[in-house]
Amino acid sequence: MIDFVNDFYLWIKWLHVVAIIAWMAGLLYLPRLFVYHSQVAAGSPTSELFKTMERRLMKAIMTPAMVTAWVFGGLMLVAQDWTGGWLHAKLAAVVAMTGHHFLQERWRRAFAIDCNRHPTRFFRIQNEVPTLLMLAIVLLVIVKPF
């Protein structure tokens, strides 16, 4: 397995980065949809349109991209030196990002059955969480501070 990963490492890394870009796009866009969705009446035509947009974003882009990022990131871990603390911190941030993904899915499901209980401001704040995690992850990967 290690020979396979080493032989195709740059291709694996490329697929990982492409998946991360798609996943991040969704993680940043879905809370923005929630901001707008929370401002319209439940059951309205606009609300139904937001439900469709949110479902398609999560099911067709975000979740497949997250799974792809984990698979190819996991393959890259086979070839990694695990001695750097930066890698452990990065993985912790990725786990937090994954947790946030599942929170967004929970909020999407609440909107889908017209049971959103959060105000617009809540989603405006949640829109910043993936950005902060992304900044930490990129810093850890590029700078490797420890």
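Since this is a predicted model, take the numbers as computed values, not measurements.

(A) Spatial organisation of unusual backbone geometry. Phi angles above zero are rare outside glycine, and Asp114 is one such case at about 55°. By the secondary structure assignment, Asp114 is in the loop between α4 (85-112) and α5 (120-126). Of note in the backbone geometry, Lys144 takes a positive phi value of approximately 50° without being a glycine. Within the secondary structure, Lys144 is located in the segment after α6 (129-143).

(B) Main features of a nonpolar patch on the surface. Nonpolar side chains collect at one region of the surface, where Phe4, Phe8, Trp11, Trp14, Leu15 and Val18 lie side by side and expose about 630 Å² of accessible area between them. Looking at the nonpolar patch element by element, the count peaks at four residues for helix α2 (residues 9-37). Mapped onto the secondary structure, Phe4 falls in helix α1 (residues 2-7). Overall, the relative accessible area of 43% leaves Phe4 in the partly exposed class.

(C) How the structure looks around the packing of aromatic side chains. Across all of its chains, the model carries seven aromatic pairs by this definition. Aromatic pair Trp107 and Phe123: ring centres 5.9 Å apart, planes at 80°, arrangement edge-to-face. With Trp107 in helix α4 and Phe123 in helix α5, this residue pair connects regions lying 16 residues apart in the sequence. Taken as a pair, Trp107 and Phe123 share a single burial class, namely buried. Consider the rings of Phe122 and Phe123, whose centres lie 5.2 Å apart with planes at 80°: the pair is edge-to-face. Judged by relative accessible area, which is 22%, Phe122 ranks as partly exposed. Residue classification places Phe123 among the buried positions, given a relative accessible area of 0%.

(D) Fine view of the pattern of salt bridges. With the rule as written, the count across this model stands at five salt bridges. In this structure, the salt-bridge partner of Glu105 is Arg108, at a minimum N-O distance of 2.9 Å. One end of the pair is Glu105 and the other is Arg108, both in helix α4 and three residues apart, which spans about a single turn. With respect to burial, Glu105 and Arg108 carry one shared label: buried.

Reading guide: rules and limits
- Residues numbered from 1 in each chain as written.
- Predicted model: local features only at pLDDT ≥ 70, side-chain atom pairs only at ≥ 80, totals over all residues.
- Heavy atoms only, no water.
- Helix = DSSP H or I, 4+ residues; strand = E, 2+ residues; numbered from the N terminus.
- Patch = residues over 30% accessible without salt bridge, like charges linked within 9 Å, V, L, I, M, F, W, Y side chains within 5 Å.
- Areas by Shrake-Rupley, 256 points an atom, 1.4 Å probe, with all protein chains shown as cover.
- Salt bridge = Lys/Arg side-chain N within 4 Å of Asp/Glu carboxyl O.
- Buried < 20%, exposed > 50% of the residue type's maximum accessible area, 1.4 Å probe, protein only.
- Phe/Tyr/Trp six-rings, centres within 6.5 Å; stacked < 30°, edge-to-face > 60°.

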